[in-house]
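Coordinate analysis (summary)
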Amino acid sequence: MKLLALESSCDETSAAIIEDGRILSNVVSSQISLHAQYGGVVPELATREHLKNLPVVTRQALEEAHTSPRQLDAIAATRGPGLPGALLIGLKAAQTMAFVLQKPFFGIHHHEGHLYSAWIEQEPDATPPVPRINMENFEPTIALVVSGGHTLLVHVESPLKHYVLGSTLDDAAGECFDKTAKLLGLPYPGGPVMDRLAKGGNPDAFDFPRPLLNKPGYDFSFSGLKTSVRYFLRDHPDIAETDQGLRDLCASVQNAIVEVLVGKAIQAARKLKVHCISAAGGVSANSRLRDSLSLACQRRKIKLRMATGTLCADNAGMIGALAWLKLSQGAPGDSLDLEPKPNWELPSA
Ligand code: KG4
Ligand code: ZN
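Cut-offs used in this document
Position labels on residues start from 1 in each chain and follow its written sequence. Lettering of chains starts at A and numbering of ligands starts at 1, both following the order in which they are written. Only residues with pLDDT of at least 70 get local features here, since the model is predicted, and only at 80 or more are side-chain atom pairs given and counted; chain-wide, interface and lining totals rely on the full set of residues. Side-chain descriptors were evaluated using all non-hydrogen atoms of the structure, hydrogens and water having been removed beforehand. Between N-to-C directions, angles cover 0 to 180 degrees, with each direction set by a line fitted to C-alpha atoms, over the stretch in contact for helices. We count a stretch as a helix when DSSP gives it H or I for four or more residues in a row; a strand needs E for two or more, and each element gets its number in order from the N terminus. The crossing is said to be left-handed when, going from far helix to near helix, the turn is anticlockwise and less than a right angle, and right-handed when the turn is clockwise. Whether two residues touch is decided by their heavy atoms; if any such pair falls within 4.5 Å, the residues are in contact. Gly is put with the polar residues, along with every residue not named as nonpolar or charged; the nonpolar set is Ala, Val, Leu, Ile, Met, Phe, Trp, Tyr, Cys and Pro, and the charged set is Asp, Glu, Lys and Arg. With a 1.4 Å probe rolled over the protein chains alone, any residue whose accessible area is under 20% of its type maximum counts as buried; one over 50% counts as exposed, and the rest are partly exposed. Whether a residue is near a molecule or strand is decided by its heavy atoms; if any one of them lies within 4 Å of it, the residue is near. Polar contacts, as used here, are pairs of N or O atoms within 3.5 Å; protein pairs need one atom able to donate a hydrogen and one able to accept it. Residues neighboring in sequence count only if both atoms are side-chain atoms. Only the protein chains shown count as cover for residues, and all accessible areas are computed by the Shrake-Rupley method using a 1.4 Å probe. Only strands that DSSP links by at least two bridges are regarded as paired with each other. A helix is expected to reach a length of 1.5 Å times the quantity of its residues less one.

1. Observations regarding the packing of helix α8 (residues 243-271) against helix α9 (residues 287-299)
Closest axis-to-axis distance for the α8/α9 pair is 10 Å, and the angle between their directions is 35 degrees. Regarding α8 and α9, the two cross each other, and that crossing is right-handed. Taking contact as the criterion, the partners of Gln-254, Asn-255, Val-258, Leu-261, Val-262 and Ile-266 in α8 are, on α9, Arg-288, Leu-289, Ser-292, Leu-293 and Ala-296. In the contact of α8 with α9, the residues fall into 7 nonpolar, 3 polar and 1 charged.

Set out below in structure tokens:
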């Protein structure tokens with residue numbers, strides 16, 4: 001079973017070929033340098049870029065996987081959530097291909113794609129190594145899905161059966177990184193830049209709030225943390241001017257965000273008696289989050305699964321891997337008339 005997957009929900013245009021759960025190719029064209037000059041994603045520009053880049057990444061994904069369109073058994077694309085115009089490009093392209101090839105089409109939830117990317121592993125004996133989604137040894141999991149647009153804590157009860165325990169009430173974790181970085185005069189997207197600078201800083205230098213960490217429930221709130229950084233900079237304008245001060249600030253803000261994410265995931269695992277935690281989405285690339293989660297899980301003998309490398313960020317490989325899971329479980333596919341769902345939410349408890 002071979003399928004083509006497209007992802008165009010935000011500022012990455014991506015195409016991937018999946019064969020029996022293996023990601024044979026996963027081509028990502030990033031628009032970051034285009035949007036960086038505006039300090040964030042400009043939706044109209046993103047739409048036009050997807051239109052331009054989609055044929056290029058699709059052709060490359062097919063070539064890298066030595067696949068012709070006639071060999072495809074299904075086509076998948078991200079249906080939502082995301083920017084309406086951007087989603088429309090990938091979704092309609094995929095539906096048109098499915099119509100022409102007379103193959104099933106799958107409209108995939110972007111966050112479900114991130115969620116299940118934590119089960120994509122490198123196949124040990126394959127040379128070169130091929131990432132493959134593997135849910136054979138599944139156990140119930142508390143999943144952190146942390147990206148620029150969303151922060152979710154999800155209870156995955158069995159493969160493809162999951163519900164949201166909590167989400168952010170305001171800014172997402174990635175948004176908090178990006179907005180704080182902007183306050184510090186750092187380029188967009190700020191998350192990876194802060195991560196890098198924080199390596200030379202003291203995470204305990206400044207005490208920023210850990211919103212909702214000690215409150216019951218699994219929701220998050222990061223806008224107050226960003227505001228407290230703004231007030232801190234107003235009251236201490238000189239600190240971010242020095243290299244060490246900037247590094248300490250990055251490390252301290254990062255520490256606050258990470259403590260909340262790790263703390264809530266552990267609380268949920270303990271309360272629901274779940275012995276596995278996963279993390280995926282752009283922010284799961286954060287080195288402190290990865291280290292802190294590893295340590296916290298090790299101490300409590302909780303198994304940890306994390307998305308790896310380019311699979312943390314937006315990519316069509318994770319969309320295709322999930323479509324393949326659905327296909328392999330007998331899902332019939334979706335209507336070719338399906339419209340994008342820019343505000344699509346996952347089911348809640
Ligand atoms: O999942 P993603 O690629 O796109 C969305 O679906 O939003 O996530 C992008 C977010 C951005 O906010 C970016 O700053 C953040 O992930 N991010 C990071 C790191 N790498 C990416 N945040 C913190 N540390 C990182 N290393
Ligand atoms: Zn994403």
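Read on, since the account is not over.
2. Considering unusual backbone geometry
Peptide bonds are, in most cases, trans, and in most cases residues other than glycine have a negative phi. The linkage connecting Gly-80 with the following residue, Pro-81, adopts the cis geometry, with an omega of -10 degrees. Considering the arrangement of structural elements, one finds Pro-81 in the loop between β4 (74-80) and α3 (84-101). Here Tyr-188 and Pro-189 are connected by a cis peptide whose omega angle stands at -5 degrees. Within the fold, Pro-189 resides in the loop between α5 (173-183) and α6 (190-198). The residue Lys-273 is not glycine, and still its phi comes out positive at about 55 degrees. Tracing the backbone shows Lys-273 in the loop between α8 and β11 (276-280). Classification of Lys-273 by relative accessible area gives exposed; the value is 67%.

3. Section: the site of ligand 1
Taken together, the neighbourhood of ligand 1 is formed by 19 residues, with Gly-148, Asp-178, Asp-195, Gly-282 and Asn-286 sitting nearest. At a separation of 2.7 Å, an oxygen atom of ligand 1 approaches a polar side-chain atom of Asp-178. One of the side-chain N or O atoms of Asn-286 is found 3.0 Å from a nitrogen atom in ligand 1. Burial of ligand 1 by the protein chains amounts to 86% of its free accessible area of 560 Å².

4. Concerning the sheet that holds strand β12 (residues 303-306)
Across the sheet, which stays open at both edges, the 5 strands sit in the order β10-β9-β8-β11-β12 with mixed pairing between neighbours. Where the open sheet ends on each side, the last strands, each with one partner, are β10 (161-167) and β12. In this sheet, neighbouring strand axes are inclined to one another by 20 degrees on average, regardless of whether the strands run parallel or antiparallel. Looking at chain direction, β11 and β12 are connected through 4 bridges and run parallel.

5. Quick word on the pairing of β10
When strand β9 (residues 151-158) meets β10, the two strands line up antiparallel, connected through 6 bridges. Residue Leu-153 lies in a different strand from β10, and its bridge partner there is Gly-166. Here β9 hands over to β10 after 2 residues, with Leu-160 in that stretch at a positive phi of 70 degrees.

6. What to know about α3
Think of an α-helix as 3.6 residues a turn; residues three or four steps apart then line up on the same face. If you check α3, its first and last C-alpha atoms are 26 Å apart, about what 18 residues at 1.5 Å a residue would give, namely 26 Å. Among the residues making up α3, those that are buried are Ala-86, Leu-87, Ile-89, Gly-90, Leu-91, Ala-94, Gln-95, Ala-98 and Leu-101. The secondary structure elements touched by the buried residues of α3 are β1 (2-7), α2 (43-64), β4 and β5 (105-109). Looking one or two residues past α3, Gln-102 carries a phi angle of roughly 55 degrees, positive in sign.

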